[in-house]
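Residues per chain, in single letters:
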Amino acid sequence: MGPTVILTLVFSSDTECVQLFLSLTQSQCHTSTSIAQQLQPRTQILIKTLAPAKGNAMLLFRKTLTPRLSPWATLFTSSVYRFLSAPTLHETPSPTSQFAVQYLIGSCGLPSDKAIRASRYISHIKCPDKPDSVLSYMRQAGIAEPHIGAAACRDPRFLGLHVEKCLKPRISELEEIGFSPSEISLLFSLCPNMFLYTKLKQKVQFWIGILGSVEKLLSAFKVGNYLLGVNLDNAVIPNIAFLKEQCGLSARQIAQLVKSSPRRITSKPEVFKMDVKRVKELGISPPSNTFVYALIVVGGLNQSTVNARFCHLKSLGLSHEEVTLLITKCPSVLDKTEKNIGQKMEFLLKQMGCSKIDVIRNPSLLTYSLEKRLIPRSLVLKLLKSKGILAASNAFASFTNLNEKRFLEKYVLPYEETVPGLHQTYIDACAGKTPVALDFQSS
């Protein structure tokens, strides 16, 4: 019998004090570590002894202990679950995982550091028979080598699955839906644990129905590859129903929300409804497109941060009504720090001669990079005005709002001969270099 791992959970307001003794089979144990972590004023988690095979501890913790906890307590034990399931960094693999490390390097193409981390998930595999059969089938099914490597790096547990019982049925389901081999290959690289889902087909069909196509689904999974694993009934379906029925959002707007910020739609319904309320309190009402963007921004910020940034905008000389108008036109302003917004306001008002009204009418000015957009384009504007190419009244906002390709085509490349060095000055400024001094005097 190997060393014993003891997890003691103490809930200050619960009468529950559960001790779970997990017997591990490892012959050696690293230096014992005592960790006390305060996750919540009411919750303390004490992990007394850690062993190299904490993956086994994680499995028993999840299956044995979690069902016994009160609902609120379960929320905080997720941190323990993440700790136990995460690989330990800077640690020499135990003898039992040496095979897994070498296999991931030799057969999946992983570099040694990533192979060591990933090997924790498959330390139980000690011979090549099953992983060899898995990789052989994968290649026959059209899974590209780079995608196999990416999947093994994310989650190599698929190497231990049964080809006939797990892999073939799931790939057949995807083919029935209409996935091409290349699309299956990409999905696998993004969600290597998809073979573990018994309801894979239903979940994929659901998300295609929300997003509109396989291509859009794959694009969304690049941002949130956890979407296949979420419980649709507990959060996603209620949240989508709320957006449709109570907020009047269209299918296109809901798809945009999922693609831009998948985590918002997977929030708990009570949290999601509170986020919607917070957006409305800013003066942004559904079903406008601005409401969708505001929900993405506000959902990622706590209320104290929103309040602080609102007050900071007022401290820059804007009235309550002006700040509200600015935010309703461009919610992403709230996503910028007070320092970031302060520097841009100072630059726009003092150096570019913009008025507060100019900023309120064009709040996107506050969302652009000062170093990579505002300053470089201001140099081009000054040069072109100094040569009489542009009128002195030319607005900086319209000059700045153009995308990069259009800006170069309209204001830089056509005047390279008239203003020698203009293009290089712009390139240097975008790179943060001090531009070469040029003649700003009229010709």
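Criteria and thresholds
- Residues numbered from 1 in each chain as written.
- Predicted model: local features only at pLDDT ≥ 70, side-chain atom pairs only at ≥ 80, totals over all residues.
- Heavy atoms only, no water.
- Helix = DSSP H or I, 4+ residues; strand = E, 2+ residues; numbered from the N terminus.
- Buried < 20%, exposed > 50% of the residue type's maximum accessible area, 1.4 Å probe, protein only.
- Contact = heavy atoms within 4.5 Å.
- Polar contact = N/O pair within 3.5 Å; in protein donor to acceptor, adjacent residues only side chain to side chain.
- Salt bridge = Lys/Arg side-chain N within 4 Å of Asp/Glu carboxyl O.
- Axes fitted to C-alpha atoms, helices over the stretch in contact; angles between N-to-C directions.
- Core = buried A, V, L, I, M, F, W, Y, C linked by side-chain atoms within 4.5 Å.
- Arc of directions from axis to C-beta.

Peer 1: Which parts of the structure should I look at to understand the environment of Thr266?
Peer 2: Along the chain, Thr266 turns up in the loop between α13 (262-265) and α14 (269-281). Looking at Thr266, the relative accessible area reads 19%, which means it is buried. For Thr266 and Val230, which are 36 residues apart along the polypeptide, the C-alpha to C-alpha distance reads 7.3 Å. Sequence-distant contacts of Thr266, defined by excluding residues within four places in its chain, comprise Tyr226, Leu227, Val230, Ala235, Val236 and Asn239. A polar contact is formed between the side chain of Thr266 and the backbone oxygen of Arg263, at a distance of 3.0 Å.

Peer 1: Is there a simple way to think about the pattern of salt bridges in this case?
Peer 2: Between side chains of opposite charge, a pair can form as their charged atoms come close. Counting across every chain of the model gives 9 salt bridges. Between Arg139 and Glu145 there is a salt bridge, with the nearest N and O atoms lying 2.6 Å from each other. The exposure class assigned to Arg139 is partly exposed, which follows from its relative accessible area of 37%. Classification of Glu145 by relative accessible area gives partly exposed; the value is 43%. With a shortest N-O distance of 3.9 Å, Arg309 and Glu338 are connected by a salt bridge. A residue pair is termed long-range when its members are at least 10 positions apart, and Arg309 in helix α16 (residues 303-315) and Glu338 in helix α18 (residues 338-351) qualify at 29 residues. For Arg309, a relative accessible area of 14% corresponds to the buried category. When its relative accessible area of 29% is taken as the criterion, Glu338 is described as partly exposed.

Peer 1: What is the right way to look at the packing of helix α9 (residues 200-211) against helix α12 (residues 251-260) in this model?
Peer 2: Between two packed helices, both the angle of their axes relative to each other and the distance between the axes serve to describe the pair. At a minimum axis distance of 8 Å, the contact between α9 and α12 shows a crossing angle of 115°. Side by side, α9 and α12 meet where Trp207, Ile210 and Leu211 of the first sit next to Ala251, Ile254, Ala255, Val258 and Lys259 of the second.

Peer 1: What am I meant to see in the nonpolar core here?
Peer 2: Counting 112 residues, the largest nonpolar core has Phe158, Leu159, Leu187, Met194, Trp207, Leu217 and Leu228 as the members making the most contacts within it. Here the element with the most residues in this core is helix α15 (residues 289-299); it accounts for 7 residues. Here Leu159 is in contact with Tyr103, Leu104, Cys108, Ile122, Ile125, Lys130, Pro131, Val134 and Leu135, once residues within four sequence places are set aside.

Peer 1: Help me understand the environment of Val101, please; the structure alone is not making it clear to me.
Peer 2: Here Val101 lies in helix α3 (residues 98-108). Given a relative accessible area of 4%, Val101 falls into the buried group.

Peer 1: Looking at this structure, how should I read helix α23 (residues 422-430)?
Peer 2: Count 3.6 residues to each turn of an α-helix, and residues three or four apart come out pointing the same way. Within the span of α23, buried status applies to Leu422, Thr425, Tyr426, Asp428 and Ala429. Relative to the axis of α23, the buried residues are bounded by an arc of 165° and lie together on one face. In this fold, the buried residues of α23 make contact with α20 (370-386) and α22 (404-412). Just downstream of α23, Gly432 is the residue with a positive phi angle, here 85°.

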